[in-house]
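So you can see what is in the structure, the chains are spelled out below.
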Amino acid sequence: MNKKLKYLQSAKKFIPSAAQTLSKYPEQYVIGVTPVAITRARGAYLWDIEGRKYLDLVLALGPMIFGYANPRIDRAVKKQIARGTIYSLPAAKELELAQLLSAVVPGAEMSRFLLSGNEATSGAVRLARHITGRDHVAKCGYHGFQDWSICTKEGRNAGVPKILKKLTHDFIYNDPGSLEKLFRKYPKQIGAVILEPASSEKPNDRFLQKIKAITHRHGALLIFDEMVTGFRWSLGGAQEYYRVIPDLTCFGKAISNGYPLSVITGHAKFMKKMDEVFVSTTFGGYTLGITAAIETIKMMRSLGNVQRQMHKLGNYFIKEFNKIAEQNQLPARLTGYGPHPIMKVTIANDYEARIFKSYLYQEFNRRGILFSASLMIGYVHKKSDINSVLKAFREIASALKNHHDYKYLKSALQGQVAAPRNVRA
Ligand SMILES: Cc1ncc(COP(=O)(O)O)c(C=O)c1O
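Please read all numbers here as calculations on a predicted model, not as lab measurements. (Residues numbered from 1 in each chain as written. Predicted model: local features only at pLDDT ≥ 70, side-chain atom pairs only at ≥ 80, totals over all residues.)

Focus: the sheet that holds strand E7 (residues 190-195)
Quick reminder of the rule: Strands pair, by our definition, only if DSSP identifies at least two bridges between them. Secondary structure is summarised from DSSP: a helix means a run of H or I of at least four residues, a strand means a run of E of at least two, and numbering begins at the N terminus for each. For helices, the axis comes from a line fit to the C-alpha atoms of the stretch in contact; other axes are also lines fit to C-alpha atoms, and the angle between any two N-to-C directions lies between 0 and 180 degrees. The contact rule is simple: place each C-beta atom from the backbone, and if two of them lie within 7 Å, those residues are in contact.
On the basis of which strands lie adjacent, the open sheet formed by seven strands has the order E4-E10-E9-E8-E7-E5-E6 and mixed pairing. The strands lining the two open edges of the sheet, one partner per strand, are strand E4 (110-114) and strand E6 (168-170). The mean inter-strand angle of the sheet, taken between neighbouring strand axes irrespective of direction, is 20 degrees. Where helix H3 (residues 93-104) meets the sheet, its contacts fall on E4 and strand E10 (262-266), and the angle it forms with E4 comes to roughly 125 degrees. Relative to E7, helix H6 (residues 176-185) is tilted by about 160 degrees, and along the sheet it contacts strand E5 (136-139), E6 and E7.

Right, dumping it as structure tokens:
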């Protein structure tokens with residue numbers, strides 16, 4: 001039994017799933033091959049319990065635009081640690097961050113600080129429900145594990161009261177008609193429309209403008225979940241990138257480069273109503289997250305090219321990866337935006353698709369690269385990093401060229417096939 005498997009055996013005795021986040025579950029990768037636990041990280045690199053070094057294309061699921069243990073951000077955070085991490089009364093730095101956000105994000109007149117993305121989306125939805133006096137929510141993707149959101153996701157909604165499905169309705173990205181239909185089906189009942197401005201799909205035919213118009217025509221509030229797009233698409237978020245300003249916005253992940261912080265922000269006339277709903281938590285105003293966010297924004301402003309560079313490097317990666325995949329007739333393509341490429345495997349059979357994906361993960365891992373289907377490009381990545389990933393992919397692709405037989409791929413796996421995303425293996 002190798003060191004990874006031994007660790008997993010012990011971890012599973014004390015930690016359910018041996019991880020805290022679905023995307024980090026060992027089953028999401030190749031058990032036996034992919035590192036199972038990390039002991040340190042710096043820049044764009046991770047070191048696992050076996051002391052092996054990996055170039056990280058996942059960046060802790062998004063936060064680390066400036067990389068792990070960034071000296072400038074950590075210096076500011078250490079200074080703050082010496083002044084206390086959380087106080088009995090509001091921290092003066094909250095005002096500094098709220099003012100900075102207001103200066104860089106178009107729709108951020110007032111802000112409320114929390115810790116996780118879950119808290120931000122839940123708080124924003126509650127606020128919209130209160131303002132409109134309506135209970136129903138229209139959504140279009142993942143917004144966290146909380147009941148109102150995850151209730152409609154089969155495979156992930158165990159333990160969630162079924163009755164909640166009556167209040168949450170999914171519409172389809174790039175299909176404004178699907179939202180219009182919901183408003184017609186539930187007249188004057190939908191108070192909040194929440195969506196990520198973009199993800200693997202790009203908004204086409206003025207989709208975001210249309211969603212905003214439909215939402216307002218029916219008297220609801222529009223919430224952008226900018227957990228992933230925030231500080232990645234542009235410093236002002238996807239709302240600046242697409243020039244569509246929502247009523248409320250939720251930020252998290254990359255706004256504080258690895259320190260916990262999330263934000264509900266929006267127009268003052270709506271945010272002032274925050275006084276009337278109960279959104280409150282002990283660690284709200286956590287000074288380390290706030291300090292890190294202030295420093296992150298300041299660095300982004302002074303560098304000036306952070307988002308441009310992530311788009312450029314990521315788009316180069318997408319283009320070159322797809323060229324190699326095409327030349328070698330591989331059933332995988334990168335889609336989405338430079339700062340967040342997403343790999344689509346074009347094999348209809350889910351098990352075969354997972355075998356193919358697992359083989360890719362394994363071969364990247366063997367070459368010292370942590371690769372997943374949901375990739376994050378940071379300012380910390382250099383062109384040489386991406387070129388080394390492309391070089392590895394070229395090798396993998398040419399070895400794969402004559403092996404489209406999934407039985408062969410399965411036999412070449414030195415670990416378990418990655419599990420489906422929804423259900424625990
Ligand atoms: C779009 C989106 N919204 C909300 C969340 C939830 O954020 P958190 O995991 O910080 O609670 C995530 C997390 O992956 C996300 O990607």
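The rest of the description comes next.
Some words on the packing of helix H11 (residues 306-327) against helix H13 (residues 383-400)
Defined as follows: Oblique is the label for every angle not falling under 35 degrees (roughly parallel), over 145 degrees (roughly antiparallel), or within 65 to 115 degrees (roughly perpendicular). Should the near helix be turned counterclockwise from the far one by less than a right angle, the crossing is left-handed, whereas a clockwise turn marks it as right-handed. Polar here means any residue outside two lists: the nonpolar Ala, Val, Leu, Ile, Met, Phe, Trp, Tyr, Cys and Pro, and the charged Asp, Glu, Lys and Arg; Gly therefore counts as polar.
At a closest axis distance of 10 Å, the pairing of H11 and H13 adopts a crossing angle of 10 degrees. As summarised for this structure, H11 and H13 are arranged roughly parallel, according to the angle between their axes. Between H11 and H13 the crossing geometry is right-handed. Contacts between H11 and H13 pair Leu313, Tyr316, Phe317, Glu320, Phe321, Ile324 and Ala325 from the former with Lys383, Ile386, Leu390, Phe393, Arg394 and Ala397 from the latter. For the contact of H11 with H13, the class distribution of residues is ten nonpolar, no polar and three charged.

Observations concerning the sheet that holds strand E1 (residues 38-42)
Here we have four strands laid out as an open sheet, ordered E1-E2-E3-E13, and mixed in their pairing. Both outer strands of the open sheet, E1 and strand E13 (369-370), are each paired with one neighbouring strand and no more. Direction of pairing for strand E3 (residues 53-56) relative to E13: parallel, over a ladder of two bridges. Residue pairing in the sheet places Asp56 in a bridge with Leu370 of E13.

Digging into the site of the ligand
The cut-off we apply is this: We call a residue near a molecule or strand if the C-beta atom, set from the backbone, is within 6 Å of it.
Close contacts around the ligand come from 13 residues, with Ser116, Gly117, Asn118, Gly144 and Met227 the closest. No other element matches helix H4 (residues 117-132), which puts three residues into the shell around the ligand. When its residues are assigned to classes, the shell around the ligand shows four nonpolar, seven polar and two charged.

Observations regarding unusual backbone geometry
We note that Leu61 has phi near 70 degrees; this positive angle belongs to a residue other than glycine. Phi angles above zero are rare outside glycine, and Asn174 is one such case at about 65 degrees. Following the sequence through the fold, Asn174 ends up in the loop between E6 and H6.

Section: the nonpolar core
Put simply, the rule is: Joining buried Ala, Val, Leu, Ile, Met, Phe, Trp, Tyr and Cys residues through C-beta atoms within 7 Å gives a set, and that set is a nonpolar core. Any residue with 12 or fewer other C-beta atoms within 10 Å of its own C-beta is exposed, any with 20 or more is buried, and the rest are partly exposed; the C-beta atoms used are placed from the backbone. Residue ranges labeled as domains rest on an automatic or database domain assignment.
One finds Val193 and Ile223 to be the most contacted residues of the largest nonpolar core, which totals 115 residues. Each of domain 1 (3-62 + 306-412) and domain 2 (71-303) gives at least three residues to this core. Non-local contacts of Ile223, meaning those with residues more than four positions away in its chain, are made with Ala124, Val125, Ala128, Ala192, Val193, Ile194, Pro246, Asp247, Leu248 and Cys250.

Brief notes about the pairing of strand E12 (residues 340-345)
Alignment of strand E11 (residues 332-337) against E12, held across six bridges, turns out to be antiparallel. Within the sheet, the bridge partner assigned to Leu334 lies in E12 and is Met343.

Looking at the domain arrangement of the protein chain
When cut into domains, the protein chain gives domain 1 (3-62 + 306-412) and domain 2 (71-303). Averaged C-alpha coordinates put domain 1 and domain 2 at centres separated by 28 Å. Taken residue by residue, the interface counts eleven residues in domain 1 and 13 residues in domain 2. Within the residue set of the side of domain 1 that touches domain 2, elements represented by two or more residues are H11, E11 and E12. Split into classes, the residues belonging to the side of domain 1 that touches domain 2 amount to six nonpolar, five polar and no charged.

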